[in-house]
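# Geometric and topological summary
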Amino acid sequence: MTDLFGLEQQTPRTNDRKESAALVEVLKALKAHTAVAWCERMNSGAARIGSRFVRFGFKGCPDVLGQLRDGRLLGVEVKGPTGRLRPEQAVFLERIRGAGGVAFMARDCRDVLAALGPL
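Okay, so let's go over this structure. This is a predicted model, so every value here is computed, not measured.

Our next topic: the overall build of the chain. Counting its regular elements, the chain contains three helices and six strands. Listing the helices and strands of the chain from first to last along the sequence gives α-β-β-β-β-β-α-β-α. A burial count over the chain gives 33% of its 119 residues as buried. Considering only intrachain contacts with a sequence separation of at least 6, the fraction spanning at least 24 residues in the chain is 54%.

Have a look at this one:
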């Protein structure tokens, strides 16, 4: 497809990236919350590098890992408006809770405030 000047046009993407927007919002809310000492985005997935297949992270790893000021582990799985937890994600969040940490699924900053309390 070309434009009026004969230049190649890129096909617009149809993915509106609602989960990416939710991740940015949740990270901002976590970093601003007084109960959170630190938190970071955990990248996971896989890629082919040369002839090798490399996996990043591990199955079920939450999107955000961190630590609360009281020393407990924090794990947050971020989902878009219609996203659901995969079984391995639910198991990992339960493992964090079972060890005394705080783990939850968040779609926006309201879920962060509901899980951690008001600022």
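Next up on the list: the side chain of Lys 79. Checked against the element boundaries, Lys 79 lands in the loop between β5 (73-78) and α2 (87-98). Polar side-chain contacts of Lys 79 include one of 3.5 Å to the backbone oxygen of Arg 84. A polar contact is formed between the side chain of Lys 79 and the side chain of Gln 89, at a distance of 3.2 Å. Those residues in contact with Lys 79, other than ones at most four positions away along the chain, are Glu 19, Ala 22, Arg 84, Leu 85, Gln 89, Met 105, Ala 106 and Arg 107.

Here Ala 37 is to be found in strand β1 (residues 36-41). Along the primary structure Ala 37 and Arg 69 are separated by 32 residues, whereas in three dimensions their C-alpha atoms are 4.8 Å apart. Not counting residues up to four positions away in its chain, the partners in contact with Ala 37 are Gln 67, Leu 68 and Arg 69.

With that settled, consider the packing of helix α1 (residues 18-32) against helix α3 (residues 109-116). Taken N-terminus to C-terminus, the directions of α1 and α3 make an angle of 35°; their axes are 8 Å apart at the nearest point. Seen from above, α1 lies across α3 with right-handed handedness. From α1, Glu 25, Val 26, Ala 29 and Leu 30 reach across to α3, where they touch Cys 109, Val 112 and Leu 116. Counted by class, the contact of α1 with α3 contains six nonpolar, no polar and one charged residues.

Per the counting criterion, the structure on display carries one aromatic pair. With centroids separated by 5.5 Å and ring planes inclined at 45°, the aromatic side chains of Phe 58 and Phe 92 adopt a geometry described as tilted. Linking Phe 58 in the loop between β3 (52-56) and β4 (64-68) with Phe 92 in helix α2, this pair joins segments that are 34 residues apart in sequence.

Parameters at a glance
- Residues numbered from 1 in each chain as written.
- Predicted model: local features only at pLDDT ≥ 70, side-chain atom pairs only at ≥ 80, totals over all residues.
- Heavy atoms only, no water.
- Helix = DSSP H or I, 4+ residues; strand = E, 2+ residues; numbered from the N terminus.
- Buried < 20%, exposed > 50% of the residue type's maximum accessible area, 1.4 Å probe, protein only.
- Contact = heavy atoms within 4.5 Å.
- Polar contact = N/O pair within 3.5 Å; in protein donor to acceptor, adjacent residues only side chain to side chain.
- Axes fitted to C-alpha atoms, helices over the stretch in contact; angles between N-to-C directions.
- Left-handed = near helix turned anticlockwise from the far one by under 90°.
- Nonpolar A, V, L, I, M, F, W, Y, C, P; charged D, E, K, R; others polar.
- Phe/Tyr/Trp six-rings, centres within 6.5 Å; stacked < 30°, edge-to-face > 60°.

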